[in-house]
Amino acid sequence: MRKLWIGIVILMLFNACKSNTKTALPILGYKTPVTKTVNGKTVTDTEYATIPPFKFVNQYADTITQKNLDGKIYVADFFSPPALLFAR
């Protein structure tokens, strides 16, 4: 039984030491092709959907805006629970 555990640990160590290639995160959302003129040449570029400016209050009564999250990766899912919609 002990040899089995040692074998499993060695197998896990070898598996953990494999070299991982870095992959870029996918850009999700809607894309819009935009045609611009740069240095007298017409260039087609891709414009991705952005999150409009927002302002929320967190559980500590602090106001959170996009400026608080500059330079950070975040997932935004703005929703309003049904109970809050009917309580107004």
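Every value quoted in this text rests on a predicted model; they were computed, and no experiment measured them. (Residues numbered from 1 in each chain as written. Predicted model: local features only at pLDDT ≥ 70, side-chain atom pairs only at ≥ 80, totals over all residues. Heavy atoms only, no water.)

Draft legend 1. Representation of the overall build of the protein chain within the structure. Counting its secondary structure elements, the protein chain contains two helices and four strands. Starting at the N terminus and ending at the C terminus, the protein chain contains elements arranged as α-β-β-β-β-α. Considering the protein chain as a whole, with its 88 residues, one finds that 2% of them fall into the buried category. Long-range pairs, those at least 24 residues apart, make up 7% of the contacts in the protein chain with a sequence separation of at least 6. Surface summary for the protein chain: the accessible area is close to 9,100 Å², and the carbon and sulfur share equals 62%. (Helix = DSSP H or I, 4+ residues; strand = E, 2+ residues; numbered from the N terminus. Buried < 20%, exposed > 50% of the residue type's maximum accessible area, 1.4 Å probe, protein only. Contact = heavy atoms within 4.5 Å. Areas by Shrake-Rupley, 256 points an atom, 1.4 Å probe, with all protein chains shown as cover.)

Draft legend 2. Local environment of the pairing of strand β1 (residues 31-38). Taken together, the eight bridges between β1 and strand β2 (residues 41-48) define a ladder with antiparallel strand orientation. When the sheet's bridge partners are listed, Val-34 is paired in β2 with Asp-45. (Pairing = 2+ DSSP bridges.)

Draft legend 3. Inspection of unusual backbone geometry at higher detail. Look at Asn-39: it is not a glycine, yet its phi comes out positive at around 55°. One can find Asn-39 in the loop between β1 and β2. Exposure remark for Asn-39: the relative accessible area of 77% places this residue in the exposed category.

Draft legend 4. Looking closely at helix α1 (residues 2-16). Between its terminal C-alpha atoms α1 stretches 21 Å, which fits the 21 Å expected from 15 residues at 1.5 Å a residue. Of all 15 residues in α1, zero are buried; the element is thus mostly exposed. (Expected span 1.5 Å × (residues − 1).)

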